[in-house]
Amino acid sequence: MARNREGLVLVLDVGPAMHSVLPDVEKACSMLLQKKLIYNKYDEVGIVVFGTEETGNELAREIGGYENVTVLRNIRVVDEVVAEHVKQLPRGTVAGDFLDALIVGMDMLIKMYGNAQKGKKRLCLITNAACPTKDPFEGTKDDQVSTIAMKMAAEGIKMESIVMRSNLSGDAHERVIEENDHLLNLFSSNAIAKTVNVESPLSLLGSLKTRRVAPVTLFRGDLEINPTMKIKVWVYKKVAEERLPTLKMYSDKAPPTDKFAKHEVKIDYDYKVTAESTEVIAPEERIKGFRYGRQVIPISPDQIETLKFKTDKGMKLLGFTEASNILRHYYMKDVNIVVPDPSKEKSVLAVSAIAREMKQTNMVAIVRCVWRNGQGNAVVGVLTPNVSERDDTPDSFYFNVLPFAEDVREFPFPSFNKLPSSWKPDEQQQAVADNLVKMLDLAPSAKEEVLKPDLTPNPVLQRFYEYLELKSKSTDSALPPMDETFKRLIEQDPELISNNKSIMDSFRGSFEVKENPKLKKASKRLLRDKPSGSDDEDNRMITYEPNEKKIDVVGDANPIQDFEAMISRRDKTDWTEKAITQMKNLIMKLVENCTDEGDKALECVLALRKGCVLEQEPKQFNEFLNHLFKVCQERKLSHLLEHFTSKKITLIPKSEAADSDVVDENSGDFTVKQEPMIES
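Residues numbered from 1 in each chain as written. Predicted model: local features only at pLDDT ≥ 70, side-chain atom pairs only at ≥ 80, totals over all residues. Heavy atoms only, no water.

As recorded in an unreviewed UniProt entry, the protein chain goes by the name ATP-dependent DNA helicase 2 subunit KU80, listed as coming from Arabidopsis lyrata subsp. lyrata. UniProt annotates the protein chain under Catalytic activity (unreviewed entry) with the comment "ATP + H2O = ADP + phosphate + H(+)". What UniProt states about the protein chain under its Sequence similarities (unreviewed entry) heading is, verbatim, "Belongs to the ku80 family." (UniProt positions renumbered as here; feature names shortened; annotations may be inferred.)

## Observations concerning the sheet that holds strand β8 (residues 229-239)
Here we have seven strands rolled up into a closed barrel, ordered β7-β8-β12-β15-β14-β13-β11, and mixed in their pairing. Across the sheet, the mean angle from the axis of one strand to that of its neighbour is 40°, orientation sign disregarded. Relative to β8, strand β7 (residues 219-226) runs antiparallel, the two being bridged by seven bridges. In the sheet register, Phe-219 faces β8, and the bridge partner there is Val-235. (Pairing = 2+ DSSP bridges. Helix = DSSP H or I, 4+ residues; strand = E, 2+ residues; numbered from the N terminus. Axes fitted to C-alpha atoms, helices over the stretch in contact; angles between N-to-C directions.)

## Considerations on the environment of Val-367
Here Val-367 is to be found in strand β13 (residues 363-370). Residue class for Val-367 comes out buried when judged on its relative accessible area of 0%. Placed 14 residues apart in sequence, Val-367 and Gly-381 show a C-alpha to C-alpha distance of 5.5 Å. Those residues in contact with Val-367, other than ones at most four positions away along the chain, are Leu-223, Met-315, Lys-316, Leu-317, Leu-318, Val-379, Val-380, Gly-381, Leu-383 and Phe-399. (Buried < 20%, exposed > 50% of the residue type's maximum accessible area, 1.4 Å probe, protein only. Contact = heavy atoms within 4.5 Å.)

## Considerations on the nonpolar core
The biggest cluster of nonpolar side chains holds 35 residues, and the ones touching the most others in it are Phe-563, Ile-587, Leu-608, Phe-621 and Leu-628. Those elements that place two or more of their residues in this core are α15 (559-568), α16 (575-592), α17 (599-614) and α18 (618-634). Broken down by element, the residue count for this core peaks at nine residues, all from α17. (Core = buried A, V, L, I, M, F, W, Y, C linked by side-chain atoms within 4.5 Å.)

## Describing the pattern of salt bridges
In this structure the tally under the stated criterion is 29 salt bridges. Among the ionic pairs, Asp-79 bridges to Arg-73, the shortest N-O distance being 3.6 Å. A network of salt bridges, in which partner residues are shared, links Glu-6, Lys-36, Asp-43, Arg-122 and Glu-160. (Salt bridge = Lys/Arg side-chain N within 4 Å of Asp/Glu carboxyl O.)

## Overview of the environment of Gln-88
The residue Gln-88 is located in the loop between α3 (80-85) and α4 (98-113) in this model. Sequence separation between Gln-88 and Glu-26 is 62 residues; the distance between their C-alpha atoms is 7.3 Å.

## Let's talk about the sheet that holds strand β5 (residues 157-164)
Strand order across the open sheet formed by six strands is β3-β2-β1-β4-β5-β6, with mixed pairing between neighbours. Edge positions in the open sheet fall to β3 (69-77) and β6 (193-198), since each of these has one partner strand only. Each neighbouring strand pair of the sheet contributes to a mean axis angle of 15°, computed without reference to strand direction. Inspection of the sheet shows strand β1 (residues 7-13) paired to strand β2 (residues 44-50) by seven bridges, in the parallel sense. Bridge pairing in β2 places Leu-12 opposite Val-49. On top of the sheet, α4 reaches β1, β2, β3, β4 (121-127) and β5; it is set at about 30° to β3, its chief contact.

This is how it looks when you write it as structure tokens:
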């Protein structure tokens, strides 16, 4: 077997107790083989089933025993045939013994590979472990399992057990299950083995690791505590996003008879001064340029190389801080795990001592990291202690990259505490909301947690692999409907909703529900929230249709619509300033020539306030409103002053715009501190 190939034997329980879940087992195994055809097409796979009425395996023929165990496929390179084979597993008629089946699978791996390729041989057992195992001829079952596990460890065979647990009941089941769980746990103590218990088809699909990713270190070097103390550590990726397979360009220009054609597509780029020019610019005549204002600054490759940040490879401890100081949203990239060099006993002890003290004092470490020489940049990250619960696993750290000041995005939002009491839920509304949250709890007591990340497959990837398999058989294959199992990932459980309809109805009845009108596809939603003090009828949504005629003046006929359209424009940076200035001038004009009790002027003030909140221009509005209030007082425009109260027009406070100088308590106090100039 080649260095990167894996030998895998699937050991599948097909007895009567498994019949209800066998379709899900077939689906999970099919997904596994589909991925191997894409990523590990040279891996070798064998299939053993137990619980069949007939017996068909080499051990039974050679030495007898091992009944009701059948080898469906000997170990061979994975192909489309085996992918189809697992979709039609036989339905057994007797209760099988998973220990017999494991011995048959282990025997197949030993005979196929011998002592070679340790760590590249794997047994995968899928069963409900609800059927009794036979007593051995000598010793106890514990002795038998220990012997099997030690043989696996000596041969370098890994084992994973996936135990389906659903709809099992009865005292006999409980006794047998307890014994079988004990036996499976013994494998973990004496061999490289792990057991995963699942209850749902979705968890089954996620528990079978369909792609084998070899652990590769990102970094091997020193964790420098100080110049005189360094700890040897290795860094691995702990979590990384799985992406769709890379699609390659394919050329069909080669003759069909050419068996050695590679069908590759090569792309060359020519650089010209203009599209019409025939003269190609040579590489030595080209240079990179960076925009700086209206200029383009040329920078040569040598200058770019000089500008690169140069530092030595390594991890350096900068200090410690309380874990509460590192907020969850600071984590920027994939999670890495930092483990001590397994060959250095003192490194293991040092990492363990530091990690345990950090855990006890609830502290984290801040470190500077450069993973390789010539990296060109350094990252600052946080080490979180990961204290192991197993004696054979060393303590370690989780590493997360932290942001610099330039990476942080500040979005000011008003505090809920400063909202009027009428905008806060009462006790009855809070109670129905509490019931809704409890109803949709994904981790109810005495049940398996739903959508656990470790057991939840990506539906986008699985749908792609399924369609790729169909296309491999027929290029005209249509996209199949979404699998019902994967719908549970993107939709609420319909059974759960129907069983708790009263809670949903109670929640809906406790809050006013309004239909959300559909927007045009090209429209932009710019004003969402109701500004404090405005009326519902004025709580309009500003939309801008790019294909419509562009507005560049706030006119007398439709000033509010013109103003909203202007601040929506993004083709220039000064449209907001122009719109605010023109709206202020129009309002003053309406106030001076007031003939309609000021209604139109007040509507324009409301629109101006919304726009200034949206564009975070509180000072412009507050200065203008103070000036407007003073004008109304000087001219004794009582009808307008009354509207200030009836319409509840207020200054823009800090809770709505961070740049405002007005606190919420003074938002209704129109005291002129600086009279604005009305621009023409």
